[in-house]
Amino acid sequence: ILNITNSDTIKKIHETYLDAGSDIVITNTFGANDLKYSDSEYSSDEVIEAGVKIAKQAVAGRKNKFVALDIGPIGQVMEPSGNLTFDGAYNLFKKQVVTGERAGADLILIETMMDLYETKAAVLAARENSSLPVFCTMTFQENGRTLMGTDPKTMVIALEGLGVDALGVNCSLGPSDLQCIVDEILEYSSIPVMVQPNAGLPKYDGKDTYYDVDVEEFSNNMRIMAKKGVRILGGCCGTNPDFIKGVVKAVEDLQPLSVQEKNYTAVTSSTQTVTIGKNVKIVGERINPTGKALYKQELREKSVKYIENQAVIQKEEGADILELNVGLPEINEVEMMKKAIKAIQKVSHLPVSIDSPDAKVLETGARLYNGKPLIN
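Calculation criteria
- Residues numbered from 1 in each chain as written.
- Predicted model: local features only at pLDDT ≥ 70, side-chain atom pairs only at ≥ 80, totals over all residues.
- Heavy atoms only, no water.
- Helix = DSSP H or I, 4+ residues; strand = E, 2+ residues; numbered from the N terminus.
- Rg over C-alpha atoms; globule rule 2.2 N^0.38 Å.
- Buried < 20%, exposed > 50% of the residue type's maximum accessible area, 1.4 Å probe, protein only.
- Contact = heavy atoms within 4.5 Å.
- Areas by Shrake-Rupley, 256 points an atom, 1.4 Å probe, with all protein chains shown as cover.
- Lys, Arg positive; Asp, Glu negative; His and termini not counted.
- Charge placed at Lys NZ, Arg CZ, Asp CG, Glu CD.
- Expected span 1.5 Å × (residues − 1).
- 1 Å grid on protein atoms, 1.4 Å probe; cavity = no way out; pocket = protein on both sides within 12 Å on 5 of 7 lines; lining within 4 Å.
- Points joined across faces, edges and corners; volume = space filled by probe spheres on them.
- Nonpolar A, V, L, I, M, F, W, Y, C, P; charged D, E, K, R; others polar.

Asker: Before we go on, may I ask you to explain the overall build of the protein in this structure?
Answerer: Counting its regular elements, the protein contains 13 helices and 15 strands. Relative to the compact-globule value of 21 Å for 376 residues, the protein shows a C-alpha radius of gyration of 22 Å, a close match. Over its C-alpha atoms, taken along the principal directions, the protein stretches across nearly 70 × 50 × 45 Å. Burial analysis of the protein (376 residues in total) assigns 51% to the buried set. Partitioning the intrachain contacts of the protein with sequence separation of at least 6 by distance along the chain shows that 73% fall at a separation of at least 24. Summed over all atoms, the accessible surface of the protein reaches about 17200 Å², with 49% contributed by carbon and sulfur. Averaging the positions of the 40 positive and the 51 negative side-chain charges in the protein gives two centres separated by 3 Å.

Asker: Would you take a moment to explain the environment of K338 for this structure?
Answerer: Among the secondary structure elements, K338 is positioned in helix α12 (residues 333–347). Spatially, the C-alpha atom of K338 lies 15 Å from that of I375, the residues being 37 residues apart in sequence. Not counting residues up to four positions away in its chain, the partners in contact with K338 are T364 and L368.

Asker: Sorry if this is basic, but what is going on with helix α4 (residues 86–103) here?
Answerer: Each α-helix turn comprises 3.6 residues. Residues three or four places apart therefore point the same way. For α4, spanning 18 residues, the distance from its first C-alpha to its last is 26 Å, which sits close to the expected 26 Å at 1.5 Å a residue. Just past α4, the residue G104 takes up positive phi, approximately 115°.

Asker: How should I be thinking about empty space enclosed by the protein in this particular structure?
Answerer: Over the atoms, a rolled probe matching the size of one water molecule traces out where space is still vacant. Within this structure, the stated rule accounts for 1 cavity of 30 Å³ or more. Around the largest cavity sit A32, N33, D34, S44, D45, I48, L92, K95, Q96 and T99, which together line it. Listing elements by their share of the lining of the largest cavity, those giving two or more residues are α3 (44–59) and α4. Split into classes, the residues belonging to the lining of the largest cavity amount to 3 nonpolar, 4 polar and 3 charged.

What follows is the structure, encoded as structure tokens:
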């Protein structure tokens, strides 16, 4: 709301970062979605429009400086753990994207994402409703996974499949603790990688919250990342313009490494990746109505009990991927595929192969699926 009530302060912050050497400034719109502004005197559109306008004023007259529309998590938990539907999330993100591009943003930054499903909704909203480049970063814990369990490899495979232009990690940990996560991202990514670490994890001394990574340690670690191949560098919680100035100086003598095509063929759930081509992978084929009278009857009754049972059994028996086929001539296969995707994701973290001769059914399943499916 300060974008509207105190725009000069926000503009000065942008200008301070630009003076420190930033090439991109991020709009003050991280949480500017309709849910957050339902009881506000200002709308999310007004906040986003003002935020982009301020950032554009800050970069005006500066050569090769850009404005990123900042989009963060919605603030609600997605299905099946929570109540926010995929389509509901998509529509909230779509409105932010459309408003931000109309206001004049140069690119879209989707950041601090913890749920791959919510991230997928955001990326699709950006790709389908905008012509702007899309950068996307998720945030990882000390165990190497996001809060909802996604590992770096799975993030890379899924986000590349969705067509983002750059991907990586922000927030999370300090730069030294992020090195191994960054290594894994670089191992699998065939597109530019970006990293915006915290200045360490926040600590509390009984009076104040503080971060214990200083500019020198931060900048030295960012130089190491740049030499490994990270191409977009920045800072998150606990950092300030001095950190940016330090990073700029630390990498000023380096040239960005070229991005190498990795050529992985893989499918994912939200938490697991199966790479295809190196050895035999087992596809559990039992969730298919051919020759299965019980399953056919359940499909007619719009039941998903058989699907859930077979997903669990086949996982226990060693399947790497679960086939999902809901094809019966007498049912609405599109609507049944929606139910089936939600059902199988409740009980299994194995990647799914979506099986149908109908393109609309395949598209429906792939869109709602939390990950990157195999298409049969």
